[in-house]
Each structure stands twice: as C-alpha cells, then as structure tokens.
There are 2 protein chains.
Amino acid sequence: MTAEPRIDAGEEARDAAARDRSGWAGSARPAGVVQATSVDDVRRTLAWADETGTPVVTRGAGSGLAAAAVGVAGAVVLDVSGIDRILEIDPVEQLARVEPGVITASLDAAAAAHGLMYAPDPGSVGISTIGGNIATNAGGLRGAKYGVTRDHVLALDVVLADGSLVRVGRETLKGVTGYDLVGLFTGSEGTLGVVVGATLRLVPRPVRTATATAFLPSAAAAAGATAAIAGSGARPAVLEIIDGPTLEAIDALDGSALAARGGACLVVQTDGFGADEELALVAATLRSLGADVRVAATPEEAESLLAARRRALPALEARGRVLIEDIAVPRGRLAHAIERIHAIADEERVDVYVFGHAGDGNLHPIIVTPPAGPSDPMPAEAQAAADRIFALAIELGGTITAEHGVGRLKRAWAERELGPEVHALQTRIRALLDPRGILNPGSSV
Amino acid sequence: MTAEPRIDAGEEARDAAARDRSGWAGSARPAGVVQATSVDDVRRTLAWADETGTPVVTRGAGSGLAAAAVGVAGAVVLDVSGIDRILEIDPVEQLARVEPGVITASLDAAAAAHGLMYAPDPGSVGISTIGGNIATNAGGLRGAKYGVTRDHVLALDVVLADGSLVRVGRETLKGVTGYDLVGLFTGSEGTLGVVVGATLRLVPRPVRTATATAFLPSAAAAAGATAAIAGSGARPAVLEIIDGPTLEAIDALDGSALAARGGACLVVQTDGFGADEELALVAATLRSLGADVRVAATPEEAESLLAARRRALPALEARGRVLIEDIAVPRGRLAHAIERIHAIADEERVDVYVFGHAGDGNLHPIIVTPPAGPSDPMPAEAQAAADRIFALAIELGGTITAEHGVGRLKRAWAERELGPEVHALQTRIRALLDPRGILNPGSSV
C-alpha cells in the first residue's frame, strides 16, 4: 500500500484549485491539493490514487480557459507547477529538455539566448506552463506558419494512472517506430497520464520581422482579405483580426482612436530572411482591396501596432465578466461566421466581441456580461449565446475548440462534434490508459 | 454473414503482392489479392475478414522499404491502389481531399496548378501513394523545414477492423476536441485500420528556391558542417549529405567527376522570399569551413546540382543488390555515426554507402551485395551489418527507422528501441483497435 501523499486540505488551497481563468463556477471544491516538487511525488500520488480510487486533477498555473484543470468534489488536485526546471537548451540539436512547470515565455527567453525560438505562443505565454500547453495542445498567434504545441513536442515523460513512468517519442526530428504516443498524450488534458518532462523542438529565431496593420470597413471585409493574403502566396507568421466593437473597447481603455480608422483591423507580421518582401506583397494585396495599411518603420512602431491586439482582452475585461470562446472554422467561412456571431449576440441580447487568429480560422468570440463574483453562475443568455456559437462552428465544418481545450466547459459538445462512433473510440482509448477512471473525471471526452 | 470478396488467387497476383522494394524475401505468398475500387469494397473485405478471422494486409503501390505491405501466408492482400481520385484541391482553404491510391507527385502537381505545394516529398514521390505515405508517416528531403506526412494530414476516413467507417480529425488547421487519432493512424502501417480517404494540408508554393552544392574533405567534415549551418540561423528546405563511396558510384554510372571535388558532398536548397539571402549565409558558413561551394545561377543549374542526389540510389542499384537502411541520430552525432557505419562495413566485409537527409539527422546507409534473385535470402554479412547499424542508432539516441517504417524487416528491433513498457502499451492499443488480430499481423509493433 502506497502512503497517502501530503495533502493540503486548507480552505485557501482548495478555493484556488477550484478555479481557472475560464470563469467556470462549477461543483464543490476539491478534497485537497498535493504540491508536487518531484517526479517521485507524482508517481506516489498516482499510485496511492489508483489504489484508493481517488480522482486526480493535474494542474499547472491555473491559467486554463476550459475548466480542464479545476478541482472537483472528491478529487485531489495534483499541482505540478513546482516541478519547473529548464534542464537543458541544446543549441546543436535545437531542442530543450524541460519540466512541466516551466512558464512558456521563460523557455522562449532561454532559447533566445542561443538564437533559437520556442515557436508556439499562446496568448497566455507569460503565465501558462509548458505542461499546461501540452495538456491542451495550446496554439497561439504563430499557429498558421509554425503549427501548435504538438508540432514541437519530440518526447514526453509520462506518469501513467498506476504510477508507472514511461518515456514516449524520441529526440530526433524524424522517427516512425511504433504509434504516435506523443500525439496521443498531447492535448489529452490530464486524462491519459501526467506529463512530468518534455523534450521540445526549437527553431532558429527569425533574423527579422516585418509588421503592419490594415483597417477595413467591416469584419467581413477583413476576413475576406485574409483569403486574399493566403492566395497571394504569402505565409504570414501572425495574421490577427479584431472586430469593430473590440476596437472601440480598446479605444475606451487606452484613449486611442483605432475605431475611427475602420470597422475592423488586421495585424500582420511576416518573419525570416524575406520578411520585408513578403510583407510588401501582403500590403499591396490589402491596399488593392482598399485597406488603410500602415507598415511599421521601426521595431518600436511594430510593437505599438501589435499592442492593439494584446490590449483586446484587457479592454474587454474592463467592461465586465468575460466568457472566452475559441472556435475555428474553414478560413473561407470566417466572414460568414463573424456575421452570424454578431447576429447571435443581437438575438440573445448579449455583448459579443470577436478577435482571433484569422490565419488559421481561429476566432475568439468574447461574451461580456455585467461584473459578477467568482462563484456566480454564468448568466443564462451568455450560455445560450455560447451554445449557439458552438453549434455554428460545427455547422460550418469547424470545431468548438481550436486551442483552449474541451475541459468541463464544453464537454457536452465534444460528442456532438466528434460523432458517436469516434467519441466511443476515444472513450475506449481513455479507459485503456485509465481503467479505474481516476484521471480528471468529468473533463475532455 | 458477409459474402467473400472477389479474391484473385492467380500466381502472378500472389507473387507480386508478396514483395515490395525492400528486397525482403520472407514467408510464403499470400492466399490472394482483393483489388478494391471503392470504399464499400474495403468495408466488405474487412467485415468478411473479421467474421472469418482472415489476416488482411493493406497495400498500395508496393513501393515500401520495410516489408510492411507484403502479403504473407494465409493472408489476403487488400490492394487499394485503384481507389485513386483527387477529389478536390481547395485553394481558399489550402487543402486537398484525396483517395489513398493517389500518387504523391500527382497530388503535388495538382496543387501546383493553384500555386500550392504538398510539402512532404519522400524519395519515392513519383511511385508511392498517399495512402502508403500515411501508413508509414513518410518523410523526405524537405522534412527538416516542412515536417513529415503526419504534419500535413488534417483528417482521415478509416475503415476499422470490423468494417465500420469512421472519420477522424478535422478540416481546420487547429482543433483540440478529443485525442489525436489522426496521429495515431498515421504511421500505423495498416495495423489499426485502412485509410480510404484523407484531407491534406497544402502550403503556398515557394516563390523561389536557391540551390548549392558544397564539397568537403570527408563525410565527417560534411556532417560537421551541417551543425554549423544550423547554428547560422538558416533553415534550409533541403540539406542532403552524400559520402565519398556514393559519389564514386554516381561518377561510374554517369561519367561525372564528383569524387574528384571532395570526399563528401552537401546539397543545400533554401526556399521562400528570402531564399537567396539565406543561401548566401549558408554558402558563407560553408566556405568559412573550407568547403568548395557552387551556387546555382539558373534553375537548370540548380536541377543539375540536385541530380547528383537523385542519382545516388540508381548508382548503387547498378552495383548489386541493395539493402536500404533508414536510421536517424541526433544531428550532432552524424559525423560519428557515419564513421562508425564505415567501420562496421569494413569489419563485416560488406560495401556500405551512406547518403541521407542531414538536416534532420536521417541517414540511409545502403548495404550493397552481389546481384541475386528476388527470392534469394539476404546474405548473412549484410544482415549482420544492418543489425549493427540498428544497434548503433539506438546507442546514439536515435531510431532504427526515421521514415520507412518498421514493417516485417525491423520488427525484432522495435521493442529494443521502444523499451518493454512502451512496447506493451503500443500492443495494447493495437489490440483495442484490432481485437481479433487480423490487420497486418507480423508487421509493426
């Protein structure tokens, strides 16, 4: 019999572990929190949980947006944010060996010291952990060009449900011995095992970047312009869209005058040796569509152009309680999707603001409702709008979650997107890896 | 009871289906061949096989190099090469919908008509099928920059072992609903299901390429130079290495004088808007190491520089029977690996030639033995050398197969690379998807 791990059952720890940044205010608080500081702590906790049938919710920084890593009644939260060393940056192999609690931006900064870059850049890069990024297969601004977290994970150390430790994947870029278990664990939201180590791919840091903003009359026009950019042969590293209501919110917060320049904005960044020529092509394409384009002349100006995009969420949080959605649709349907989302907002009488990663069809509709306490339930009209946005994403051939995860927040929708046969296959794989059902019950598929 | 499919039990069909291009001359021929021309054919064949417990080996063009798709005693070979339509090239979404029998180069040509590219480019691109590429997770020359097949598969239609049809994945670039089943099926060598359709990602065709060759005194020096290229910040699309004995074989076939220029050769191609500047950086890096560098001034000259690499395998096939190996090692160990491979050749008294994709550490040591008939067993010294090369790859932290697959050829080595725990996990996943064990028994894990 494995000894019970040291569980913090204090009010403060249980309160904190019951929430993430999704605004979810669900079930009762967890039984307690285990602050793991070593792989052995994780192994012992899972071995004990397996023997006692105790549910375990693995958690990092708590920055999740899908209530995937929130403690629930009867569960022990396994906090791995304290296992947080960057073990190695290998400039020859261009890879990093890290523990799960490393903050993503810290890894990128360590890579930068060697002229390298950790390419995935979720919006939460400054507060989220690599372990959480792996658990959700986090995306980010550079996804259309560089891919998502899964594309940068070479190998994982995983503690399985029974406490055993395995290493999956490899440290070479290519390799096809056996099935792709790295892909299986990445994005599995702590339901198949607990990631305690990762070997991540790094890429050369781009020699230069080039940045522009383009204002167009409407969000639909801006979305249409992204298709023209794709058709031009350019492949921007960043291609963000911000709708008019969001621009007004940024103006209200910052005293800027963005909304006066157009009904929607695109922020574009190219990178690499040909960044300037590639951006010139993008700018010419946008100007041919009548856009008001401003190309940054200096790095400082580029930063100020990108700042608008970074201010979008804080500007909306200043207006009330935010419910952050995360759909993706085929790029050719972006304009239609944005129009439909605004119509849904009107019909449900809620405020919905839209921005997102237009380059890969990923929109973040933000439903803003009046300020409320953390335990207050989400207003019914907000949930109704969210449900209609999910249904819209599926109707348009897209997904209910591009990069934030299913978690508890969207679980009722996962089967609807996947279909009953694939959903059943997924649950059988889950049961194979976790036969007692102790890993993050209630989350994911 | 499902009716028996139409099985061709003729000598010719059974002979042809018992071989691929690996030189494997294994067990007795299969019982017969089903030439599927529709998804329904595949479903009925699997439903019948499931009911009768008949082993099924799925096969495309037969261009495999690991004996993964060869018919074995008692098995029915399910030939899907006749399900071969390109259903759609969607230039807005930059994706293709294809059937499994499409020849990879045909897909790329169809994409090119829209200014797009199917990025994975296995050496077999002109003869292998997309279905086979997916089954082996095929790599290719552009792997270091563009990734492998798996990185370009968005969705798959898969017939499972019981004949049911499922669709996994999605048509958007991002999406995290459920586990990554696309990754699980890609590279599974027909052991988890039969791929009958795929949605593949396309990318903008590079506006230009720039190409160079560089001759260095030795293969070790050339391998060392690839690390310097990586350290320069360049990210070539192609970075190939050819050792001295292979250069001599090409000279013997073509009447060229490559070997006189140096003891080993690198072939480098950059692409995209900054291709020329990026290649200039690579060339300067190589010249600083004393390399004899030639940058192509015209597209025709670039083609002639690449031709040497393309002639490597034909040049060796002209010398005898080839056993094509496919290891990958960490890039920093390439030089050491090549030296060790040549030492193994000397000790085992076989001829081994080495070329490969240096950019991602993928070497193809080619063991050449005297000409022999297709049914003659591989000479013992060739197998001994191959086994020592596998052991070397594992010792150096690499893999026994970077892109060709495990198949029957390397099956004994898969567990050694994966370790018993991960191998057991893999076989449990296999059993979950194929409880009766009818899918490609004897291949993969």
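Secondary structure summary: chain A contains 14 helices and 18 strands in total. Seen through its principal axes, chain A has C-alpha atoms that stretch 70 × 55 × 40 Å. Within chain A, the fraction of its 445 residues that count as buried is 60%. Counting contacts in chain A only where the partners sit at least 6 residues apart, residues at least 24 apart contribute 71% of the total. Element-wise, carbon and sulfur atoms account for 51% of the exposed surface of chain A, whose accessible area totals about 15200 Å². Mean positive and mean negative side-chain charge positions of chain A (40 and 55 charges, respectively) differ by 2 Å.

If you look at the interface, chain B gives 80 residues, while chain A gives 80 residues. Between chain B and chain A, a total of about 6400 Å² is buried, with carbon and sulfur atoms accounting for 61% of that surface. Contact with chain A buries surface across chain B, with Lys174(B), Tyr179(B) and Phe273(B) losing the most and accounting together for 16% of the total. The salt bridge partner of Lys174(A) is Glu403(B), with a shortest N-O separation of 2.8 Å. Elements with a minimum of two residues in the side of chain B that touches chain A: helix H5 (143-146), strand S8 (165-169), helix H6 (181-185), strand S10 (203-204), helix H7 (219-231), helix H9 (275-288), helix H13 (411-418) and helix H14 (420-433) of chain B. Classifying every residue of the side of chain B that touches chain A by side-chain character gives 33 nonpolar, 27 polar and 20 charged.

The next point concerns the pattern of salt bridges. The final tally for this structure, using the stated rule, is 50 salt bridges over all chains. We note a salt bridge from Glu417(A) to Arg170(B), for which the minimum N-O separation is 3.9 Å. Placement of the pair is Glu417(A) in helix H13 (residues 411-418) and Arg170(B) in the loop between S8 and H6, with the two residues belonging to separate chains. One salt bridge in this structure joins Arg44(B) and Asp41(B), with 3.1 Å as the shortest N-O distance. Of this pair, Arg44(B) and Asp41(B) are both found in helix H2 (residues 39-52), three residues apart, which corresponds to roughly one turn of the helix. Several salt bridges converge on common partners, so that one network encompasses Glu88(A), Arg97(A), Asp157(A), Arg167(A) and Glu171(A).

Below, the discussion takes up the sheet that holds strand S3 (residues 76-79) of chain B. Sheet strands associate in pairs through backbone hydrogen bonding, adopting either a parallel or an antiparallel arrangement. All names here are of chain B. With parallel pairing, three strands are arranged side by side in an open sheet as S1-S3-S2. Looking along the sheet, the strands with just one partner apiece sit at the ends: strand S1 (32-35) and strand S2 (56-59). Recorded for the sheet is a direction-independent mean angle of 25° between the axes of neighbouring strands. With four bridges connecting them, S2 and S3 associate as parallel partners. Bridging from a neighbouring strand, Val 57 pairs with Val 77 of S3. Along the sheet face, H2 touches S1, S2 and S3 and points at about 165° away from the line of S3.

Further remarks concern unusual backbone geometry. Residue and element names in this part refer to chain A. At Asn 137, a residue that is not glycine, the phi angle is positive and equals roughly 50°. Considering the arrangement of structural elements, one finds Asn 137 in the loop between helix H4 (130-136) and helix H5 (143-146). Judged by its relative accessible area of 11%, Asn 137 falls in the buried class. Residues other than glycine seldom take positive phi values, yet Asn 440 does so here, at roughly 50°. Along the chain, Asn 440 turns up in the segment after helix H14 (420-433).

Here is what the cut-offs are and how they apply
Residues numbered from 1 in each chain as written. Chains lettered and ligands numbered in written order. Predicted model: local features only at pLDDT ≥ 70, side-chain atom pairs only at ≥ 80, totals over all residues. Heavy atoms only, no water. Helix = DSSP H or I, 4+ residues; strand = E, 2+ residues; numbered from the N terminus. Buried < 20%, exposed > 50% of the residue type's maximum accessible area, 1.4 Å probe, protein only. Contact = heavy atoms within 4.5 Å. Areas by Shrake-Rupley, 256 points an atom, 1.4 Å probe, with all protein chains shown as cover. Lys, Arg positive; Asp, Glu negative; His and termini not counted. Charge placed at Lys NZ, Arg CZ, Asp CG, Glu CD. Buried area = accessible area lost by both parts, 1.4 Å probe. Salt bridge = Lys/Arg side-chain N within 4 Å of Asp/Glu carboxyl O. Nonpolar A, V, L, I, M, F, W, Y, C, P; charged D, E, K, R; others polar. Pairing = 2+ DSSP bridges. Axes fitted to C-alpha atoms, helices over the stretch in contact; angles between N-to-C directions.

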